[in-house]
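# Chains, contacts and geometry: an overview
Spelled out, the chains give:
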Amino acid sequence: MKAFTTIGLLVFSNIFMTFAWYGHLKLQETKVISNWPLYLVILFSWGIALAEYACQIPANRIGYQGNGGPFSLMQLKVIQEIITLIIFTIFSTVLFKGETLHWNHVAAFICLVLAVYFVFMK
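In this text the structure is predicted, and so the values were computed from the model without any measurement.

This part takes up the overall build of the protein chain. Helix and strand content of the protein chain: four helices and zero strands. In the protein chain, the succession of α and β elements from N to C terminus is α-α-α-α. Each principal axis of the C-alpha distribution contributes one length, and for the protein chain these read about 50 × 35 × 20 Å. Residues classed as buried in the protein chain amount to 30% of the 122 residues present. Put simply, of all contacts in the protein chain between residues at least 6 apart along the chain, 70% involve residues at least 24 apart.

Moving on, we come to the nonpolar core. If you look at the biggest cluster of nonpolar residues, it comprises nine residues: Leu9, Leu10, Cys55, Ala59, Phe71, Leu76, Ile79, Ile83 and Ile87. Where this core is concerned, the elements lending two or more residues are α1 (2-29), α2 (38-63) and α3 (73-95).

So, on to the packing of aromatic side chains. Tallied over the entire structure, the rule returns seven aromatic pairs. Between phenylalanine 71 and phenylalanine 120, the ring centres sit 6.0 Å apart and the planes meet at 85°, which makes this aromatic pair edge-to-face. Here the residue phenylalanine 71 occupies a position in the loop between α2 and α3, and phenylalanine 120 occupies one in helix α4 (residues 103-120), the gap between them amounting to 49 residues. Taking the centre distance of 5.3 Å and the plane angle of 65° together, the rings of tyrosine 117 and phenylalanine 118 count as edge-to-face. When its relative accessible area of 53% is taken as the criterion, phenylalanine 118 is described as exposed.

The subject of this paragraph is the confidence of the model for the protein chain. Any residue range with low pLDDT should be treated as having predicted coordinates unsuitable for detailed reading. Overall, the prediction assigns the protein chain a mean pLDDT of 90, with 100% of residues at 70 or greater. When the elements of the protein chain are averaged for pLDDT, α4 gives the smallest value, 86, and α2 the largest, 95.

Below, the discussion takes up the side chain of threonine 84. With respect to the helices and strands, the residue threonine 84 is situated in helix α3. Beyond its immediate stretch of four places on either side in the chain, threonine 84 contacts Asn14 and Met17.

A separate point is α3. The terminal C-alpha atoms of α3 lie 32 Å apart, and with 23 residues this matches the ideal 33 Å at 1.5 Å per residue to within 8%. Taken together, the buried residues of α3 touch α1, α2 and α4.

This structure, assessed with the given rule, holds two salt bridges. Residue lysine 26 pairs with glutamate 29 through a salt bridge whose shortest N-O separation is 2.8 Å. Placement of both lysine 26 and glutamate 29 in helix α1 is noted, with a separation of three residues, approximately one turn of the helix. Among the residues examined, glutamate 29 registers a relative accessible area of 46% and is labelled partly exposed.

The rules behind each value
Residues numbered from 1 in each chain as written. Predicted model: local features only at pLDDT ≥ 70, side-chain atom pairs only at ≥ 80, totals over all residues. Heavy atoms only, no water. Helix = DSSP H or I, 4+ residues; strand = E, 2+ residues; numbered from the N terminus. Buried < 20%, exposed > 50% of the residue type's maximum accessible area, 1.4 Å probe, protein only. Contact = heavy atoms within 4.5 Å. Core = buried A, V, L, I, M, F, W, Y, C linked by side-chain atoms within 4.5 Å. Phe/Tyr/Trp six-rings, centres within 6.5 Å; stacked < 30°, edge-to-face > 60°. pLDDT = per-residue confidence, 0-100. Expected span 1.5 Å × (residues − 1). Salt bridge = Lys/Arg side-chain N within 4 Å of Asp/Glu carboxyl O.

Written as structure tokens, this is what we have:
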């Protein structure tokens, strides 16, 4: 159960992270915040990032073996990176119509899946 909770929190964390890091670009593109000064955009993104941390920190605490969780620190990091790339790929291809997935992106994802395999190998 801790593994599912950890992964679920990491997914939510990465959704917030992606919106904090790249959502302002879409909001600027749609003219929602195009007149905002940079410091307001930063504060807005920090507000979203707070929600990211509210999910990320518990995910790491619940999932880490040192706290009774199922994952080593290295495994947690690799899981988080895979989730980040999946969320970012969905975000960028759905919200930014000019961004497309190419063969080299798929090849890179395959390499990352192999990284997950190797990090969980005994």
